[in-house]
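# Structural overview for review
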Amino acid sequence: MSESVVTETVAAGVMQITMNRPDRKNALDRASYAGLIAALAAAEADASIRAVLLTGAGGCFTSGNDIKDFAIAAASGEGPRIAIDFLTAISTARKPIVAAVEGFAVGIGTTMLLHCDLAFAGEGATFRLPFVTLGLSPEGGSSYLLPLVAGAKKAAELLMLGEAFGTEAAMQAGLLNAVVSQGTALDHALGKAKALAALPPESMALTKRLLKRGTDNAVAETIAIEAHHLGERLRSPEAMAAFAAFLKR
Ligand code: COA
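The sections below set out a description of the structure shown in this document.

Reading the values: the criteria
- Throughout this document, residue positions are counted from 1 along each chain, in the order its sequence is written.
- Per-residue local features are limited, in this predicted model, to residues with pLDDT of at least 70; the limit for side-chain atom pairs, both in listing and counting, is 80 or more; totals at the level of whole chains, interfaces and linings are taken over all residues.
- To obtain the side-chain values, all non-hydrogen atoms of the structure were used and water was disregarded.
- Residues are labelled near a given molecule or strand when at least one of their non-hydrogen atoms is within 4 Å of it.
- Counting of polar contacts relies on pairs of N or O atoms within 3.5 Å, with two restrictions inside protein: one atom must be capable of donating a hydrogen and the other of accepting it, and residues adjacent in sequence are counted only when both atoms are side-chain atoms.
- Reported accessibility uses the Shrake-Rupley method at a 1.4 Å probe radius. Residues are deemed covered only where the shown protein chains occlude them.
- In this count, Pro and Cys sit with the nonpolar residues alongside Ala, Val, Leu, Ile, Met, Phe, Trp and Tyr, while Asp, Glu, Lys and Arg are called charged and the others, Gly among them, polar.
- Buried means the residue's accessible area, taken with a 1.4 Å probe over protein chains only, is under 20% of the maximum for its type, while exposed means over 50%, and partly exposed covers the values in between.
- Labels follow the DSSP assignment, with helices taken as runs of H or I lasting at least four residues and strands as runs of E lasting at least two, numbered in each case from the N terminus.
- Strand pairing requires that DSSP identify at least two bridges connecting the strands.
- For helices, the fitted line uses only the C-alpha atoms of the stretch in contact; every axis is such a line through C-alpha atoms, and the angle between N-to-C directions lies from 0 to 180 degrees.

### Some thoughts on the site of the ligand
The immediate surroundings of the ligand are formed by 16 residues, with Arg24, Ser63, Asn65, Ile67 and Arg249 found nearest. Asp23 is positioned such that a nitrogen or oxygen atom in its backbone is 3.4 Å from an oxygen atom of the ligand. Between the ligand and the protein, one listed contact pairs a nitrogen atom with a backbone N or O atom of Ile67 at 2.8 Å. Within the complex, the protein chains bury 68% of what would otherwise be the 860 Å² of accessible surface of the ligand. For the shell around the ligand, the residue count by class is 8 nonpolar, 3 polar and 5 charged.

### Focus: the pairing of strand β4 (residues 97-101)
Within β4, 5 of the 5 residues are buried, which leaves it mostly tucked inside the rest of the structure. Burial along β4 is two-sided: the face carrying Ile97, Ala99 and Val101 and the face carrying Val98 and Ala100 are both buried. Examined bridge by bridge, strand β3 (residues 51-56) and β4 share 3 bridges and lie parallel to one another. Looking at the pairing, Leu53 lines up with Val98 of β4. Note that β4 and strand β6 (residues 118-122) share 4 bridges and pair parallel. Among the inter-strand pairings, Ala100 is bridged to a residue of β6, identified as Phe120.

### Focus on the sheet that holds strand β2 (residues 14-19)
Spatially, 6 strands are ordered β1-β2-β3-β4-β6-β8 in an open sheet, and the strand pairing comes out mixed. Both edges of this open sheet fall to β1 (5-11) and β8 (178-180), since each of them pairs with a single strand only. Adjacent strand axes in the sheet meet at a mean angle of 25 degrees when their direction is disregarded.

Given below as structure tokens:
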């Protein structure tokens, strides 16, 4: 498993998955996605694991897709395939996932919260969906799920303007269960993950499946449609210019 993603059993039945590139604000490169996919698969395959705790190292959730890696993947023609594979894995996971957010949750760092069952953020956490800003387009089923959970106007505001927003707006947008004191999101989320892990696993899995029954087909379809557009947008002059501007800051 890649060092950029660390997994450990932190309590009975709870696997913690940590995005771990703190010097890059846990930006997700291809190795990170491969690590996340492997970690989720390991959790699914291990009967002793009953809940997943997802977090980031160094007081940051994740700054989203690694922009340098985006540029490389665009140039090589590989596109966003591995990011999409991760989104497919997290959106179809059968075991409950609890997110603990501190610091930044940008791009896919915000959209992956739509696929976590519970999400907690420390005060001061900052969210952002800068897809248009970067010449890109939404991913992770967010063009479908965000209007559903946040309402059409709020989803348009967040996805079209791409401005940073705080925990209060994230709560209002339906991205979080609760905001806790800064630095305590992981403890809080661990408590909830332990509680989930202590409950009957078959009933838990059935409840998760039923909760997603109304949206899972549309989410899968949206992820695929968004992936097609994102693959094209990655190669666009607008995206190239935005990547170059970020990389030469
Ligand atoms: N891709 C690649 N490198 C990234 C990155 C990303 N998504 N996010 C941060 N980094 C790098 C920075 O370039 C910087 O590198 P350096 O030390 O070599 O200069 C390092 O990580 C630390 O980030 P920095 O920008 O100095 O931290 P900050 O606290 O001032 O700002 C962010 C944090 C997340 C607001 C800012 O880094 C940012 O906007 N990142 C890009 C987010 C983004 O657009 N993601 C893609 C979404 S689709």
